[in-house]
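# Structure at a glance
In case you want the letters, here they are:
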Amino acid sequence: MVIAHRGASYYAPENTMASFRLAHSMQADMIELDVLLTKDGVPVVFHDTDVRKLTNGNGPVSDFRFTELQKLDAGSRFSKTFEGEKIPALEEVLEWLPDEMLLNIEIKPEAVSETGKNGIEQKVIQLVDAENLMERVLLSSFSYIAVKRFKEIHSKLRTGLLYEKSQSAGKTPSVLMEEYRADFFHCSSREMSRNWQRQLLDKQLPFMIYTINRKRSMKNWIHKGAKGLFTDKPDLLREVYSETSEI
Ligand code: G3P
Ligand code: CA
């Protein structure tokens, strides 16, 4: 599966509509994006806790109201061509999502509250449900408590556990998946050991690897049985999959 990491983010500013539209044109199967909450509780698509590096603004996302955030330019830092790109509301992406595409919504741990009451998990699931996208969305997080909450809120939602060592207490991926009721295991290529890989394949538990931008590595992970690969270059991964299935 071709998963466009933050959109086609090698070619366009990450987590923007321009990047998502490009990923669609490059035949990505799924778009991965990151979600945080604004000061007034709106789920927005942005990776960093602070807007400084990727926009013309300064300060934490959680200090901006949604209307204030919308005034920032999220395109120029990438290239002048994308001047005026905005930080999208998650709702905008859900409304746009083309019928043939899947969406991986990563909830950033910074936005996850201790109690979870009326928290980001609930808000995101309500938006997904309102757009009738429950079957085309995968919710994932590095926050294990959030992963657990997804299923508690809606047992039919598909979920992905992003491996985070400090929360794992030395447990293997299959044990963690069972404990947090996750359907997919996600980790970086550096983290995935042969042992984990064997265990996951033996138990027929699907795993996905981030972030793979080189052809050789793409071929390698496809060969090793990864269900999906996160990439900033969905066009290249699509090409590799076509070549692979021709063999
Ligand atoms: O979901 C996979 C990957 O996006 C996790 O890392 O930091 O790019 O959000 P990051
Ligand atoms: Ca992410």
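Above this text sits the structure in question.
Quick look at the structure, then. (Residues numbered from 1 in each chain as written. Chains lettered and ligands numbered in written order. Predicted model: local features only at pLDDT ≥ 70, side-chain atom pairs only at ≥ 80, totals over all residues. Heavy atoms only, no water.)

Time to look at the coordination of the calcium ion (ligand 2). For the calcium ion (ligand 2), the protein coordination sphere consists of E32 (OE), D34 (OD) and E106 (OE), at 2.1 to 2.2 Å. Mapped onto the sequence, the donors of the calcium ion (ligand 2) take the spacing E-x1-D-x71-E. The pair formed by E32 and D34 is uniform in burial state, with each residue classed as buried. (Donors = N, O, S within 2.8 Å, 3.2 Å for Na, K, Ca; no water. Buried < 20%, exposed > 50% of the residue type's maximum accessible area, 1.4 Å probe, protein only.)

Summed over the entire model, instances satisfying the criterion amount to twelve salt bridges. Where R6 meets E14, a salt bridge forms, and the shortest distance between an N and an O atom there is 2.7 Å. A salt bridge links R149 to E121, with the shortest nitrogen-to-oxygen separation between them at 2.8 Å. With R149 in helix α5 (residues 144-153) and E121 in helix α4 (residues 120-130), the pair connects residues that are 28 residues apart, well separated along the chain. Accessibility assignment for this pair places R149 and E121 in one class, buried. (Salt bridge = Lys/Arg side-chain N within 4 Å of Asp/Glu carboxyl O. Helix = DSSP H or I, 4+ residues; strand = E, 2+ residues; numbered from the N terminus.)

Relative orientation of the contacting elements α4 and α5 amounts to 45°, with a least axis distance of 10 Å. What the angle tells us is that α4 and α5 run oblique. Between α4 and α5 lies a crossing of right-handed hand. Seen from α4, the contacting residues are E121, Q122 and I125; seen from α5, they are A146, R149, F150 and I153. Per-class residue counts for the contact of α4 with α5 are four nonpolar, one polar and two charged. (Axes fitted to C-alpha atoms, helices over the stretch in contact; angles between N-to-C directions. Parallel < 35°, antiparallel > 145°, perpendicular 65-115°, else oblique. Left-handed = near helix turned anticlockwise from the far one by under 90°. Contact = heavy atoms within 4.5 Å. Nonpolar A, V, L, I, M, F, W, Y, C, P; charged D, E, K, R; others polar.)

What follows covers the pairing of strand β7 (residues 184-188). The buried count for β7 comes to five of five residues, which makes it a mostly enclosed element. Burial along β7 is two-sided: F184, H186 and S188 facing one way and F185 and C187 facing the other are all buried. Alignment of strand β6 (residues 158-162) against β7, held across three bridges, turns out to be parallel. Across the sheet, residue G160 finds its bridge partner in β7, namely F184. (Pairing = 2+ DSSP bridges.)

Spatial relationships are all this shows, so hold off on functional conclusions.
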